[in-house]
Structures are given as structure tokens and as C-alpha cells.
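Listed below, chain by chain, are the residues.
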Amino acid sequence: NPNNSVLHIQALGIPGQNALISLYSIDGKRVWERNVEMGNGPFRYDMQVCDFAAGVYILVLRQGSAKESRKLVFEK
């Protein structure tokens with residue numbers, strides 16, 4: 001995650017169904033959220049991160065009962 005302005009999120013999911021992308025601070029507070037529709041093939045979403053403070057965050061993608069999470073470190 002060396003880029004300080006855009007986070008590129010890529011995922012595979014069930015085409016045509018909505019997914020929820022959430023970003024949490026390390027203390028568990030939700031700081032950002034988007035409801036997106038998965039298309040056919042790999043899904044890609046470019047998230048602007050330049051306004052977030054430096055620190056550790058957890059990115060969570062949920063679709064139906066499936067859930068994937070990743071730890072991110074934003075540096076300034």
C-alpha cells in the first residue's frame with residue numbers, strides 16, 4: 001500500500017449482487033462504507049484515501065454470508 005492517495009480494491013464475487021465495503025480504524029470505529037454491485041469478472045473499486053489519517057485500518061468486504069478482511073497501513 002505505498003500509494004498515499006488511492007487504494008485499488010479488487011475482488012471476485014457473485015455477479016449482479018451487492019457487496020458492502022467497509023473501512024474500520026484499528027479501534028473498531030467504522031470510518032467509511034460503500035455499497036457496490038459486483039459485475040461480471042473481477043470487481044475493481046478505487047478508493048480515495050488521501051483524507052484519512054496515518055495509521056492502521058481494517059478493510060472488510062461482505063457479500064451475502066462471505067466476508068474478507070485485510071489489514072492496511074496508511075502512511076503520510
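Before going into details, it helps to say that this report is about the structure given with it. Just so you know, these numbers come straight off a predicted model, no measurement behind them.

Further remarks concern the environment of R70. Mapped onto the fold, R70 is located in strand β6 (residues 66-74). A sequence separation of 10 residues divides R70 from V60, and the C-alpha atoms of the two residues are 6.6 Å apart. Beyond its immediate chain neighbours, meaning those up to four positions away, R70 contacts Y57, I58 and L59. Polar contacts involving the side chain of R70 include one to the side chain of E68, which spans 2.5 Å.

Tracing the sequence through the fold places S22 in strand β2 (residues 18-25). Among the residues examined, S22 registers a relative accessible area of 0% and is labelled buried. Linking S22 and N35, residues 13 residues apart in sequence, is a C-alpha distance of 8.7 Å. S22 has contacts with R30, W32, E33, I58, L59, V60 and R62, leaving out every residue within four places of it along the chain. Of the polar contacts made by the side chain of S22, one reaches the side chain of E33; its length is 2.9 Å.

So, on to the packing of aromatic side chains. If you walk through the whole model with that rule in mind, you get 4 aromatic pairs. Between W32 and Y45, the aromatic rings sit 5.9 Å apart at their centres with planes inclined by 50°, giving tilted as the arrangement. Of this pair, W32 sits in strand β3 (residues 30-37) while Y45 sits in strand β4 (residues 43-48); the two residues are 13 residues apart in sequence, bridging distant segments of the chain. For W32, a relative accessible area of 12% translates into the label buried. For Y45, a relative accessible area of 22% corresponds to the partly exposed category. By way of ring pairs, the aromatic residues F52, Y57 and F74 are connected into one cluster.

For the rest of this paragraph, the subject is the pattern of salt bridges. Across all of its chains, the model carries 4 salt bridges by this definition. The salt bridge partner of D27 is K29, with a shortest N-O separation of 3.9 Å. The exposure classification of D27 matches that of K29, with both residues exposed. Of the charged contacts, one joins D46 and R44 as a salt bridge, the two residues approaching to 3.2 Å between their closest N and O atoms. With relative accessibility at 40%, the residue D46 sits in the partly exposed group.

Cut-offs applied
Residues numbered from 1 in each chain as written. Predicted model: local features only at pLDDT ≥ 70, side-chain atom pairs only at ≥ 80, totals over all residues. Heavy atoms only, no water. Helix = DSSP H or I, 4+ residues; strand = E, 2+ residues; numbered from the N terminus. Contact = heavy atoms within 4.5 Å. Polar contact = N/O pair within 3.5 Å; in protein donor to acceptor, adjacent residues only side chain to side chain. Buried < 20%, exposed > 50% of the residue type's maximum accessible area, 1.4 Å probe, protein only. Phe/Tyr/Trp six-rings, centres within 6.5 Å; stacked < 30°, edge-to-face > 60°. Salt bridge = Lys/Arg side-chain N within 4 Å of Asp/Glu carboxyl O.

Read these as layout, nothing more, since geometry by itself doesn't imply function.
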